[in-house]
Each structure stands twice: as structure tokens, then as C-alpha cells.
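Report on the structure
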Amino acid sequence: MPETNIPYVIRAYRPSALKEALMKMYLIRKFEEGAEESYMRGLIHGTMHLSIGQEASAVGSCMALTDEDKITSTHRGHGHCIAKGADLGRMFAEFFGKETGYCRGRGGSMHIADPSKGNLGANGIVGGGFPIAVGAALSAKKLGTGAVTICFFGDGAGNEGAFHESLNIAAIWKLPVVFVCENNGYGMSTSTERSTAVKRIADRATSYSMPGAIVDGNDFNAVTEAVDASVAWARAREGPSLVEARTYRLRGHSKSDRNRYRTREEITQWMERDPIPRFADLLIAHKVITRKAVRDLEDAAAKTIAEAIEFASASPDPRVEEATKYVYAERVPA
Amino acid sequence: MPETNIPYVIRAYRPSALKEALMKMYLIRKFEEGAEESYMRGLIHGTMHLSIGQEASAVGSCMALTDEDKITSTHRGHGHCIAKGADLGRMFAEFFGKETGYCRGRGGSMHIADPSKGNLGANGIVGGGFPIAVGAALSAKKLGTGAVTICFFGDGAGNEGAFHESLNIAAIWKLPVVFVCENNGYGMSTSTERSTAVKRIADRATSYSMPGAIVDGNDFNAVTEAVDASVAWARAREGPSLVEARTYRLRGHSKSDRNRYRTREEITQWMERDPIPRFADLLIAHKVITRKAVRDLEDAAAKTIAEAIEFASASPDPRVEEATKYVYAERVPA
Amino acid sequence: MKALGTPEVRELSYAEAIREALDIALDRDDRVFLMGEDIGVYGGAFQVTGDLVEKHGPDRVMDTPISELGGAGVAVGAAMTGMKPIFEFQFADFAALAMEQIANQAAKARFMLGGSVSVPVVMRFPAGSGTGAAAQHSQSIEAWLGHVPGLKVVQPSVPEDAKGLVLAALEDSDPVMIFEHKILYKMKGHVPAGYYTTPIGKAAVRRTGANLTIVATSVMVWRAIEAAETLAAEGIDAEVVDLRSIRPMDRETVLESVRKTGRLICVYEGVKTLGVGAEVSAMVAESDAFDFLDAPIVRLGGADSPIPYNPQLEKAVVPQVSDILVAARDLTGGRI
Amino acid sequence: MKALGTPEVRELSYAEAIREALDIALDRDDRVFLMGEDIGVYGGAFQVTGDLVEKHGPDRVMDTPISELGGAGVAVGAAMTGMKPIFEFQFADFAALAMEQIANQAAKARFMLGGSVSVPVVMRFPAGSGTGAAAQHSQSIEAWLGHVPGLKVVQPSVPEDAKGLVLAALEDSDPVMIFEHKILYKMKGHVPAGYYTTPIGKAAVRRTGANLTIVATSVMVWRAIEAAETLAAEGIDAEVVDLRSIRPMDRETVLESVRKTGRLICVYEGVKTLGVGAEVSAMVAESDAFDFLDAPIVRLGGADSPIPYNPQLEKAVVPQVSDILVAARDLTGGRI
Ligand SMILES: Cc1ncc(C[n+]2csc(CCOP(=O)(O)OP(=O)(O)O)c2C)c(N)n1
Ligand SMILES: Cc1ncc(C[n+]2csc(CCOP(=O)(O)OP(=O)(O)O)c2C)c(N)n1
Ligand SMILES: [Mg+2]
Ligand SMILES: [Mg+2]
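Residues numbered from 1 in each chain as written. Chains lettered and ligands numbered in written order. Predicted model: local features only at pLDDT ≥ 70, side-chain atom pairs only at ≥ 80, totals over all residues. Heavy atoms only, no water.

**Quick look at the overall build of chain C**
- Counting its regular elements, chain C contains twelve helices and 14 strands.
- The C-alpha radius of gyration computed for chain C amounts to 20 Å, which stays within 12% of the reference 20 Å derived for 336 residues, consistent with globular compactness.
- Across its three principal axes, chain C shows a C-alpha extent of roughly 60 × 50 × 45 Å.
- Of all intrachain contacts in chain C linking residues separated by at least 6 positions in sequence, the fraction that spans at least 24 positions is 82%.
- By element, 52% of the accessible surface of chain C is carried by carbon and sulfur atoms, the whole surface being about 9,100 Å².
- Distance between charge centroids for chain C: 3 Å, based on 31 positive and 44 negative side chains. (Helix = DSSP H or I, 4+ residues; strand = E, 2+ residues; numbered from the N terminus. Rg over C-alpha atoms; globule rule 2.2 N^0.38 Å. Contact = heavy atoms within 4.5 Å. Areas by Shrake-Rupley, 256 points an atom, 1.4 Å probe, with all protein chains shown as cover. Lys, Arg positive; Asp, Glu negative; His and termini not counted. Charge placed at Lys NZ, Arg CZ, Asp CG, Glu CD.)

**With respect to the coordination of the magnesium ion (ligand 4)**
All names here are of chain B.
- Coordination of the magnesium ion (ligand 4) by the protein involves Asp155 (OD), Asn184 (OD1) and Tyr186 (O), with metal-donor separations of 2.0 to 2.1 Å.
- Here the donor residues of the magnesium ion (ligand 4) share one chain and are spaced in sequence as D-x28-N-x1-Y. Here Asp155 is found in the loop between strand S2 (149-154) and helix H7 (161-172), whereas its partner Tyr186 is found in strand S4 (residues 186-187), with 31 residues between them in sequence.
- On the accessibility criterion, Asp155 (2% relative accessible area) is buried. (Donors = N, O, S within 2.8 Å, 3.2 Å for Na, K, Ca; no water. Buried < 20%, exposed > 50% of the residue type's maximum accessible area, 1.4 Å probe, protein only.)

**Things to note about the interface of chain D and chain B**
- Between chain D and chain B, the residue contacts involve 35 residues of the former and 40 residues of the latter.
- Between chain D and chain B lies a buried interface of about 2,900 Å² when both sides are counted; carbon and sulfur atoms form 58% of it.
- Broken down residue by residue, the surface that chain D buries against chain B is led by Tyr42, Ile66 and Tyr309 of chain D, which jointly contribute 27%.
- Considering each element in turn, the side of chain D that touches chain B owes the most residues, five residues, to helix H11 (residues 311-316) of chain D.
- Within the side of chain D that touches chain B, the residues separate by chemical class into 19 nonpolar, ten polar and six charged. (Buried area = accessible area lost by both parts, 1.4 Å probe. Nonpolar A, V, L, I, M, F, W, Y, C, P; charged D, E, K, R; others polar.)

**Let's talk about helix H10 (residues 276-285) of chain D**
- Taken across its ten residues, H10 of chain D has ten buried, putting it largely inside the fold.
- Within H10 of chain D, burial applies to Val276, Gly277, Ala278, Glu279, Val280, Ser281, Ala282, Met283, Val284 and Ala285 of chain D.

**Quick word on the site of ligand 1**
- If you check the shell around ligand 1, you find 23 residues, and the closest are His75, Arg76 and Gly124 of chain A together with Glu68 and Gln90 of chain C.
- Taken together, the residues near ligand 1 originate from chains A and C.
- Interatomic distance of 2.8 Å between a side-chain N/O atom of Asp155 of chain A and an oxygen atom of ligand 1.
- Separating an oxygen atom of ligand 1 from a backbone N or O atom of Gly156 of chain A is a distance of 2.8 Å.
- For ligand 1, whose accessible area on its own is 580 Å², the fraction buried by protein is 97%. (Near = heavy atom within 4 Å. Polar contact = N/O pair within 3.5 Å; in protein donor to acceptor, adjacent residues only side chain to side chain.)

**Quick notes on the coordination of the magnesium ion (ligand 3)**
- Every protein donor of the magnesium ion (ligand 3) is listed here as Asp155 of chain A (OD), Asn184 of chain A (OD1) and Tyr186 of chain A (O), and their distances to the metal cover 2.0 to 2.1 Å.
- Given the relative accessible area of 6%, Asn184 of chain A is considered buried.

**Description of the domain arrangement of chain C**
Residue and element names in this part refer to chain C.
- Taken domain by domain, chain C comprises domain 1 (9-192) and domain 2 (204-332).
- A straight line from the C-alpha centre of domain 1 to that of domain 2 covers 26 Å.
- Every contact between the two is made by 30 residues of domain 1 and, on the other side, 24 residues of domain 2.
- When domain 1 packs against domain 2, close to 2,100 Å² is buried across both sides, 54% of that on carbon and sulfur atoms. (Domains from an automatic or database assignment.)

**Quick word on the packing of aromatic side chains**
- Enumeration over the complete set of coordinates arrives at 42 aromatic pairs over all chains.
- For the pair Phe220 of chain A and Phe279 of chain A, a centre-to-centre distance of 3.9 Å together with 25° between the ring planes defines the contact as stacked. Taken together, the positions of Phe220 of chain A in helix H9 (residues 220-235) and Phe279 of chain A in helix H11 (residues 275-285) put the pair 59 residues apart, joining distant regions of the chain.
- Given a relative accessible area of 2%, Phe279 of chain A falls into the buried group.
- Ring geometry for Phe46 of chain C against Phe91 of chain C: centres 5.1 Å apart, planes inclined by 70°, an arrangement best described as edge-to-face. With Phe46 of chain C in the loop between strand S2 (32-36) and helix H2 (52-56) and Phe91 of chain C in the loop between strand S4 (84-88) and helix H4 (99-106), this pair connects stretches of sequence that are 45 residues apart.
- By the ring-pair criterion, three or more aromatic residues cluster together here, those being Phe130, Phe153, Phe163, Phe179 and Tyr208 of chain B. (Phe/Tyr/Trp six-rings, centres within 6.5 Å; stacked < 30°, edge-to-face > 60°.)

**A look at the interface of chain D and chain C**
- Each partner contributes residues to the interface: chain D has 49 residues there, and chain C has 49 residues.
- Carbon and sulfur atoms supply 63% of the area that chain D and chain C bury against each other, a total of about 4,500 Å² over both sides.
- On the chain D side of the contact with chain C, Trp144, His147 and Leu274 of chain D bury the most area, a combined 18% of that side's loss.
- Where chain D meets chain C, there are eight salt bridges.
- One salt bridge connects Asp304 of chain D with Arg247 of chain C, and the closest N-O pair in it is separated by 2.4 Å.
- At the junction of chain D and chain C, the tally comes to 28 residue pairs in polar contact (both at pLDDT 80 or more).
- Of all elements in the fold, only helix H4 (99-106), helix H5 (109-112), helix H6 (142-146), strand S12 (245-247) and H10 of chain D reach the threshold of two or more residues within the side of chain D that touches chain C.
- It is H10 of chain D that contributes the most residues to the side of chain D that touches chain C, seven residues altogether.
- Among the residues making up the side of chain D that touches chain C, the classes are represented as 28 nonpolar, twelve polar and nine charged. (Salt bridge = Lys/Arg side-chain N within 4 Å of Asp/Glu carboxyl O.)

**Thoughts on the site of ligand 2**
- As a matter of local geometry, ligand 2 sits amid 23 residues, with His75, Arg76, Gly124 and Gly156 of chain B together with Glu68 of chain D nearest to it.
- In the model, an oxygen atom of ligand 2 is placed 2.8 Å from a nitrogen or oxygen of the Gly156 of chain B main chain.
- Between ligand 2 and the protein, one listed contact pairs an oxygen atom with a backbone N or O atom of Tyr186 of chain B at 2.8 Å.
- Of the residues belonging to the shell around ligand 2, the class tally is eight nonpolar, nine polar and six charged.

**Concerning helix H6 (residues 129-143) of chain B**
All names here are of chain B.
- Between its first and last C-alpha, H6 extends 21 Å over 15 residues, near the 21 Å set by a 1.5 Å rise per residue.
- Burial runs high along H6: twelve of the 15 residues are buried.
- Looking at H6, one finds that the buried residues are Gly129, Phe130, Pro131, Ile132, Ala133, Val134, Gly135, Ala136, Ala137, Leu138, Ser139 and Ala140.
- Looking one or two residues past H6, Gly144 carries a phi angle of roughly 65°, positive in sign. (Expected span 1.5 Å × (residues − 1).)

Okay, structure coming up:
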């Protein structure tokens, strides 16, 4: 096979990194399934938003990032969190409202964060992460850390004013931030077509004189190639860019969704474009991994999730007397 | 002269309408000068934003509008108000805080409005008028009035989130609204270049799949031709569009501006592109009016302004006991 | 048995009662239309609009993009130009994105323009905690809007009022903000059929009592009534006043009760500091009812904390029946 | 004559005092930077930043586009990741555009994330009426932010505190909101040179008195002092407490004063209903100081109205010295 026909990720990453990426995609899938099941079993309070079907954009986007690099995530943020290296036990513990959770049980699914790995947090406010991501990029520029920030957002979020203000500021100040739109075709029940006055969200990049690209968001290779280019662009101090990853959420919007706004067929069609087997097949085709080893990975992922759930279940609840701890800093730092 | 070389406005409007337009431009200029002088004399409280140099975009944009059509204006809104047919005495009365003012002395320069002529008001909030204009257009569509709304805004306002949200909504719902950007190169002290990540604000129209056009905002003919086309487009139920009129404010941003962010030369250059003599010359060249008649118009404008100031000065102040009148409706309408 | 001529009385949930009001309004007045995120085919995040889009069509039950500032502002602009829009925020918390159109435009337009425009917009805010939705989906921000002259702000606690206040809001020529409580949506109660309005600015005495006044809002009215029943068994006779309207506030009903009982507890879910109870307390403390007070005025508000996710913590930061009991016993102890 | 070792004391205006604090902060700490509309070469709408951009350069005194939500949010994000931004709103009124980043993000991030992040952002809000700028440029919205747990909210009334509170805000690891009053900017007062901080959460007794406590905020402190002087001549000895901090509020200083005087007037410019005075009143009415009260608690707040443009009307809707005199005489009349 001539060099140029070899997919980007095979050229750019070692087999170990690619296997790890596939493992992360399985972990996300099993994590979401585990969360769904835990929800059914009444272990999880409130609501949550599953990213089943969107694993490629989460993991693919984070390939070129280190723990110094930041991300801002969304209400549909479990995948981003795992892609950025979070501990699964602490994630489940958070969902179960436990003291060992990432937010010590105060935040739940919509606020899960792991600043130690550069994940500044999911957000309950659609579009809430836009300016925060730009601020993180501003810090990186000022502190000279060379870090890049990825701002994940949904197609629906792209209609918030915060999108416009943030992309504009990022552009005029040439900040190292990559805006990754996970366009899954809907904001809750409202299709992109009904909510968004442009066919290609990436075209909005022109309003900020920044590069914009559209990729198949269920194609790990395509996502990684585009986002890596954006990350490199940002690291080279060329400023922000926008990548639109076209994908689909295979589950409902949240736990209360009756899916009345889309058809069974549409969902089935997208199931056939599941990003995980596609990526596994790519790795097998390029001999990065064997089919058997893929099955092993998947099994290992399932086991890890089971253990994480166990850890979370066994963890203690926060003390009710400490309900309002963390509203303010306990002391002024030096 | 072949028909096609005849400027649009000469072809499209009767001489009486064109003379009236020139008169309005003089009225705006003299109004602003009168306001400036009144301010110096201590008759006006607070601050105000003069539109000297921007008369062509105000008057040119409103040429195709009737009293049924609406506009939303800005903090720099005196010109729009006059273009939309306001009474000058009541305008001055408002500036002087009088009961006979458009807002009964409660609003001042930044809130001047004349709903009877379709002017929904200046706005103290930059970008505050965007969604209001879209709402007015939605009413027109729902009520089937055929009315069009013009939303005036500045280059600086184009960086507010409200711009993005409003243009998007107007586009998806195909509403009869024309967004007219008066790009005078600065938002207060901040040049468009330093604040805005795109060279041509009209290019942002692509983010909403709507037509966008740029014109010389000091050229009455160009403004009118572009905005009239947009108004016709809206009346034909084709939806919104965006027109960027490149202009300049010859005075400081407000009364407290020391003009430290721009050069004398720049101001002088733009003085040479004053829209009023340019339009007068065009009308003279096309024999719509004589030079003498132009001078008469200018004199008449000055006289009208003097009378308006006199009316305002002689008007009564609001009664202090009625300071909080109009916070709520006095009664529920039938 | 129903007497002839009395209105039909049925049990509806709070959400159904609101939907009925919206339905009636859409039928009665062409100028009324609904806007909000996912209020069409989805039926609204809390199924308040339900199937209204099927009956009235997508032009009158309009799904908006996720653009709270723009959406609310479009409603404001439409209200200024002849329509009567009802805008649903998906969660009250998102009003933070639209405060400019609510507080700077809608609330002030009539005044700033010297009475030359009206802004008869209605906005609905599903508010409050208790659903495990954490800090950004559980707030009670009625105090923000209650602080804004030009707005009217109501907080129905029973289905009957929820319906009546929506219809009253539509008769009003000023902007009316309706705070609904998410955990009340499923609560059932008697709701008269047909058209009626519940007056804006009037509190309702839900239980009469002689020893103690409990002024409560929204879901706290239910907790106050429950507490009052327990207290009655202990010989403490509490009067429960459902404030219903935050702006304007029904001064007279509250003062009259306090003059009678001499003791006041305000119970509200919003953050205690600068919350609705602060205003109730101050209103009483500056009035002639002050002289009737036999004890300090107690406020039971939400803790000065965001709402936590964990359900036990979530409960701990807002007043519960037990908190009301403790406060009431404390306040009346040995003094009745 | 200046005693050896006492800090140098000079007269500076309130705006100059803030500028000096910003200058010191920029010098001391690389992480500090300023953001805001026209704060660079223009020097800020009220000339608070003045020529700081010349000294510190445009990377540390950054003009932002007219994007309050984005600008404030960028400051929040920068604060979460190691910087100490100071964001200037050109007018406090524009905070309505950024409430989401202030109240939903900055205020709640530490809590929602279980203590794993800090948001040491400082925001400055030029507030208040008296400049003829009408309804959208004259608001006092400290009550909105005072209602939000996670924030700290201060309101300096004198140049010395204005400087000291800016520097204290920068030492704080939580978001601190500083409400400055536009008509105080030119007011001069003693300001110590060099670095010092004024504690957040502490009120200041500006005048001691025995008959009456006047708790005032911001510009009202000056009016209260002026009134107190007139009252003194009439034999009414008023204590004036400058609240300084809205959140946290200095309960003890207020209660101590009320326990002594038995009478309380709260004077504030914000809208009366649900304004700062409501909280002060309720805080006293629920405390043990209640038993010391000899008279109702009086609130003098802004009228329940937007701020009008006409200067006479503008004055009429916010408390003036004469209003304080009337209230004080009324409250103490025949009862001292
Ligand atoms: C400001 C705000 N508005 C509305 C919501 C309610 N909401 C949560 S997720 C969502 C849809 C978001 O759509 P999109 O950005 O496309 O992300 P997706 O859910 O498809 O991943 C909505 C409307 C919210 N959380 N915040
Ligand atoms: C939301 C808001 N932010 C800031 C201001 C202060 N301000 C008033 S006018 C102005 C500049 C506006 O620039 P532009 O939109 O270009 O209009 P121009 O003044 O140039 O006509 C600013 C920053 C405001 N009034 N409202
Ligand atoms: Mg989506
Ligand atoms: Mg401009």
C-alpha cells in the first residue's frame, strides 16, 4: 500500500496508542451502558445524557492532547471525560452521588470534571463552556505553556450567543483553542435543519476568519486527522479553528426522551455506521490488532466498568452536615 | 444618458421624495448640531451619541418604508428617528427632559422612540434591538401586515451574542427583517479591526444563509439601492438579509470622548466624503434640484431646528409626583 | 353532587392545568402563541405543552433554537407589536442568559418610552430543586425578577392557580413572569373548567390559624400545610398564607395575618439571603404590624449554597417539613 | 504632622484609588490582567483604568469586543486556569448580559466540581444613578449578585476602601464582585499609599451614635452622614454603619449597633423591593436584636421604578438626605 493510502492515524500513531484509543471507545460504550443500567436500577438520581454512537469524536479529538491541554465538555460529556483520561470508578461514584466522585457527589453527570487531567468540566448550560474554553486558551497563551484547549459543543449549542462571542474573541486574540462541534443532527427534539440557518456549521468559521472543516464524526481516522491539524495549528500559534464532526446519538436525548422526533429507520441506519466496529476494522485491516485481541479489549472494558460500578457502589455518601462545603474556599491561598 | 447609467434613486423615486430625503439629511445634521450646542449650554443632561456623518445610511435605509414598517434603532439613533418621520420638537423636548418629549422626559436620547411612526426605539443596550426587531418581523408575518422591520446596528454590536441568535432565528423562520449595519469603523474607541474577526461584517450573512451586501454608507444612492432590494426581498417573503453600510462618525463617540484612538487626518479624510453634499451634488447633477434650492433647504432645516428647540425649551417639565408613572399600565385593556 | 350553575370542578395535575390554560388562550385569542425549546413535538421538557402542537400547529406552538436571549427577546419584540407571546424557558436557570431582554428591555420599555408601548409578554420558568438535576437546573430565581420594577412575578402553588394565573397574565398588558415548580407539575388538584383568572397580586390564606403566620411560596405552601397539621395536634394553630404573587406583593393579607397571630415564619426555597422571605420580613417589620409582633421574624430559606446533586444533600439545603416544625415550636414555645 | 511609621496618607479620588490598586496588582502579580470594553487607550468609560495601558501594555490591559457574556466568561475561564483577571463592565447594567457566566458558572464552579477548581476572578461594576443616563445605564443590581451563593459582593463608599477592596478581592480565591458608584468616582478622600487590603465581609461604623442606627451602602453612606449631622443638631444622635460588603454581610456590626440604638433605618439606592435593605431588615428582625427594637425597621430604597432621565425625576426616585431626615425624625419622634 503506498504511504499516501495509509490512513492518517496509522501513520501518525503507534499501535499502542491506537489500541488504547480503541479501548477508550469501548470503555465509553460500556460506561454508558453501565450508566443506563444503573439508572434503571435506581442507583442514579436525576437525568443524564448518553453519548453512545459518538465515541469517535470524543476519543479522536483528544488524541494529540496531553494532560496539560484542556477541554471543556458538555451535558453529553461522559465520553470526553473518559477520552481525557478520567478514572471510571470516580466517574460512577459521582453519578451515584458519592463522596469519592469527581465532584464529591455535589455535581453529578452534568458537572463531571477532572481538572487534574485538563478536563474543566461538563456543563449544564448549553454553550456554557465556550467562553471558559477561550479563557483557558488565554491563560495558556499568557503563561506560555503551549497548551491547547478543545471546546466540545453540540449543533444546538452553536445557536447560542456565547458561540459567536467566544469564537470572535478567540480569533481576534489568536488563541490556541479548537472548537469541536459534535453535530448529531438534533438539539434535543429539534433538528439542526429546523434550528440552524446554515447547512454546514463549519461554514460559520468564516464569520471569524478561522479555518473550518467537516468530517464524518463516526470515522475515527477522519476526526483525528482534522482535529490533530487544528491542534497543531493552535500549537503553532496560528489561532483557533472549527471542526464539525457529523455524528449521531443512538440513544434518546436524556432519560425522559420518547424519540418522537425521529424515525426508527434513521436510528437503524446510523447503528450501521457505529464508529467502534469501524475503527476496530480499520485497525485490523492495518494489522495493528487482531480480531481476537479486539474481543479481548471489549471484554476487558466490560470488566473495568463492572469494577468501577462496584467501587462506586461501595463508596460512602457525602456527609449531610457537609452539604454546603465547597461553596467558598476554606482559606485564602498563599 | 442611457437609462442604466442613471443612478438607482433617480430612477426609483420622484423628485419630491428625493428632495424630502435631502431635507431629512439636513435636518439630522442640524438636529445633531443643535443638540451639541444645547448640551454645551447645559440644556441636556447625561450623554448623547451624535450621528453626524452617518445621515445617508439613516435616511437612505428608510426610503422604501411606510409608517406601518418598523425600525429598531440604537444609542446613536437620532438620525433613524428623524428618517422615520419623528417630530423634531418632541425629540428636543425629550432631550431636555420635558413632558412633551417622546418619552415624556423619562427616556432621553438613548430611548427616544416613536411607535406611531414605527420606530420602536433607540436602545441603551448595544445589540438590544436585534431580537426585538426579529419579534416585530414575526408579528408582521403572523398578522399578515406585509410590514418590514429594519434593525439598525453598529459594527461593535455585531459582536454581541444577540446578533447571532437573532439573525439565526430570523433566517430559519424567514422573517421580513433587514439588518442594517452602520459600520463606522469603531465601537467607542475600539476599531472594528481590533474587535471583529472578519473584515467584512456582511460576510457574516453566510452563517445564516442570507444575502449580505456591502455599500459605501456615505453614498445615499448606494445605501438606498441595497436596502431597497433587501426590503423588497423581505416583502416578497424571501426572508431576512444583511446590509453593511461603511460610514464614519465625524464626532466623538459620546460627549466624553477625547478621540485618542484615531487621528485628525482620518477624520479630515472622512469629512471630505460627507454624505450630504455628495447627495446634494447628485440631485443637482440629475436636475432634481438647483444649488440655490439646496441652500434654501439647508436654511429651512436650520429654521425648523431652531423652532424645535424653542418648542422644547418652552415645554413643561414632568411633574415630580409622577416620577414613577408608566412603570405599569394604568388599567387592563379590553 | 354539583349544584346547578357552579363551575365544573375536576382533578387535573398542575402541568395539565397550565396546558389547559394555554389551550384556552390559543383558542380564544389569535394573538397568543407559544415559543420555547422543544415545546412542540417533544411536548416540553416537563410535558407542559404536551400535544398542543398537534391541535394548534407549529406556527402557534413554536420550537425555538437554543437561544434564550434571542428567543425571549423575539417574544418581547412580538409583544411590543401586537402579539401575546408566551415564552417557556426550559429551566428557570436559563433565564440568566436572557436577563437583558427581561430586565433591561421588557420590564423597562413602557417606562423608558413614556407609556407609548406595552409589552404584554408572558414568560414561564420551571424552577426549583428536588429532581436531582444539580446546581444549574434547580434554581429558584424569582427574587431576581421580583427585584425588577415593570415586571409582575407570580408563583402558583396549586393547579387551580396555575391555570388562573396563566390566563390572568394574558389579560395583563405588562410582562408577567410565572415561576412554576418542577416537583409540583404532577401534583393534582381541583381545577375549574373553562375560562377564569386568578388575580395577580393577591395572596391566598390556605389555612386559618391564631398563633402563628406561615407565609410560604410555591412547593413550600404544601410543606407549611403539612407542618401546620402536625402543629395543630400540638396545640399550635398556624395560619398558612400562600404568597402567590411576588411582585406586586399582597401586603394587606400578610399584615392582617401577622396582626392577628403576632408571629411570622417565611418559608421559601430560593436562597435565603436576599430571597423572597427577606422582602416579606422587611415588609412586616416596617409596617404597623410590627407592633403586634411577639417574637422575631423567622426566615426558612434555601441554604446559601448551590443545589447539590446527591439527593440527601439536595434535601438538606432546602426547607423541609421538619424544619418548619422546629422553627414553629421554637417560635411559639412557652409563649402562646 | 505625620508620625514616624504611620503609612503615608494622601488625597485621591475614588477612581484614582481604584486605578492605584489595579496598578499595584499589575506590578505585584504576573497573573493579574485587566479586561473590559474601552479600558485601554480610552481609559475606561469613567477613566478608572486611565493610562494603565501605557504603563502595562495592551496584553495586560485588554480591550474586549462588545461581548459581555463572552468577555466575562473568558475571564472566568482564565481564572479557572491560573490567571487572576479583573473584568470591568462598562456599566453595571450590562451584567444582565453576563448573568449566566457570573451566576451559573463562576459562582457555582467550585461547588459543582466538589472543590476541585477555584475561580479567582474579580469583576467591577460601575453602578448607580445620578448621571442622567436613564434606565439602562443607572441600575444598582448588587441585590441580584448578593443573592448568589459562591460570589462575594462588595460596595465601597470611600476611596480608601475602593482601593483596599480591589486588593482584597485579588487575594481571594473566590469570585469577587465590586460595585462602584459612578457619582463617587470623582469624590476625594484619604488613601494610604502602597499595598493594603480592606477586609471583605466587614462593615465600618462611620459615625457612632446612640439613638438610631442608619445602615447605608455606597453613595448613601454620604447622605446618611450628612443627615446625621443635621440630626445631631436636633438632638438625634445617629450611628452610621457603612455596610461595605453585601455578601457576606457583617451581621455582628449591624446587630451590635441596633442593640445599642433600638432603631434602624436602611438606606440604599437599589430598588426597594428585594433590595439590600430587605436583607438587612430581615437579618435584624430574625436576630436577638429584635428584642431591642423600639420601633419598626424603616427601609429607604430606590422607588419601584426604572431610573428616569429627567434630573428632577431621577432624584425623586432614589433616597436623598431629606428623605433620611424625614424618616429619622419620624422614627425617633417623641420616643428618644
Ligand atoms: C442554556 C441551555 N438551554 C437549554 C438547555 C436544555 N438542553 C440541554 S441539552 C439540550 C440540547 C443540546 O443540543 P446540542 O447542543 O446539539 O447537544 P446534544 O444534546 O445533541 O449533544 C438542551 C436544549 C440547557 N441545558 N442549557
Ligand atoms: C451591552 C452594552 N455594552 C456596552 C455599551 C456601551 N457602549 C455604548 S455605545 C458603544 C459602542 C457601540 O459601537 P457600535 O455598535 O459600533 O456603534 P457606534 O457607537 O459606533 O455607532 C458601547 C461600547 C452598551 N451601551 N451596551
Ligand atoms: Mg446535537
Ligand atoms: Mg461603530
